[in-house]
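Below, each chain spelled out in residue letters.
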Amino acid sequence: MSDSFDVLWLSASSVLQRFDQPLVGYLSKYRRIAHWEYLQNIDEGSSIDQGVELLYEFLEYSDRSVHLAGHGMGGAMALSFARRYPQKVRSLTLLAVASQPANTWHAHYYFQRQLFSISREQILASNVRSLFGNQPAKTAKKLVAALDKDLEQSPSPHSLFKLVYLSKGGVSMPMMICGCKTDPIVNSPALHDWLNWLKPEDKLWECPQGYHFFHYFYPQEVGEQILDFWEHHDSHLIEASTLSFSTYKS
């Protein structure tokens, strides 16, 4: 099954995954990529853990580890999976994931709802500007509808009544953190806080512009950085395997 790919891209939103497509399309020119999407039933409670367990069922019988990657909530789910099942993950690439992984755009939205006495649609319109920058009125209206739908479908644990926090910290495998200098959701301080847990083989990189969905606006620039990270660690893996084989032969 996973012998047919070496990169698995995680998505936790059917409505927002379209913004992953330019980057995934670019990466697929150079790597065998599979896309895994968590679809939450409307009758299910919001749960990242449920997505993690379903992902494990998907990869359970594969004897090869994969490069795991995801943006936003998909990245938070990838992080949870990598911590729980490290033997399945060759490397972890997170885009727009804060050092506090629960600080997604959903948390930003609910915090604003608690703080301001304005309508849901007004706050969603404000979030569109934060996530995508200023957009034409017709485009902004479509984006408001997309965010509204994502609030209903996402496995985000947040609600109007409570903001939830996830465990901070790193992982055992090589990890790359990608962010954007103009992202007000996962801003530079939230991104740089990862430095407290990064290992020597890990990498943190910031795109100069592009807001929260920087990988949609600059897929090649982001893709080149990720490919370099994967290639570096794959070559190290090959070298280690060759060394191990030579040691065994002698």
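Residues numbered from 1 in each chain as written. Predicted model: local features only at pLDDT ≥ 70, side-chain atom pairs only at ≥ 80, totals over all residues. Heavy atoms only, no water.

A word on the overall build of the chain
Right, on to step 1. Secondary structure summary: the chain contains nine helices and six strands in total.
Right, on to step 2. Relative to a compact globule of 250 residues, whose C-alpha radius of gyration would be 18 Å, the chain shows 18 Å and is just as compact.
Right, on to step 3. Taking the principal axes of the C-alpha coordinates as reference, the chain spans close to 75 × 40 × 35 Å.
Right, on to step 4. A total of 250 residues make up the chain; the buried ones form 49% of that total.
Right, on to step 5. When contacts within the chain are restricted to residue pairs at least 6 apart in sequence, those whose partners lie at least 24 apart make up 77%. (Helix = DSSP H or I, 4+ residues; strand = E, 2+ residues; numbered from the N terminus. Rg over C-alpha atoms; globule rule 2.2 N^0.38 Å. Buried < 20%, exposed > 50% of the residue type's maximum accessible area, 1.4 Å probe, protein only. Contact = heavy atoms within 4.5 Å.)

A few points about the packing of helix H2 (residues 48-59) against helix H3 (residues 73-84)
Right, on to step 1. Where H2 contacts H3, the axes come no closer than 9 Å and their chain directions differ by 65°. Note that H2 runs across H3; the crossing there is right-handed. For the pair H2 and H3, contact is made by Ile48, Asp49, Gly51, Val52, Glu53, Leu55, Tyr56 and Leu59 and by Met73, Met77, Ser80, Phe81 and Arg84, respectively.
Right, on to step 2. Within the contact of H2 with H3, the residues separate by chemical class into eight nonpolar, two polar and three charged. (Axes fitted to C-alpha atoms, helices over the stretch in contact; angles between N-to-C directions. Left-handed = near helix turned anticlockwise from the far one by under 90°. Nonpolar A, V, L, I, M, F, W, Y, C, P; charged D, E, K, R; others polar.)

So, the layout of surface pockets
Right, on to step 1. Empty space within the largest pocket amounts to approximately 190 Å³.
Right, on to step 2. Lining the largest pocket are twelve residues, with Ile48, Asp49, Ser80, Arg84 and Leu166 positioned closest to its centre.
Right, on to step 3. For the lining of the largest pocket, the secondary structure elements donating two or more residues are H2 and H3.
Right, on to step 4. Among the elements that make up the lining of the largest pocket, the one with the highest residue count is H3 (four residues).
Right, on to step 5. Residue classes in the lining of the largest pocket are distributed as five nonpolar, four polar and three charged. (1 Å grid on protein atoms, 1.4 Å probe; cavity = no way out; pocket = protein on both sides within 12 Å on 5 of 7 lines; lining within 4 Å. Points joined across faces, edges and corners; volume = space filled by probe spheres on them.)

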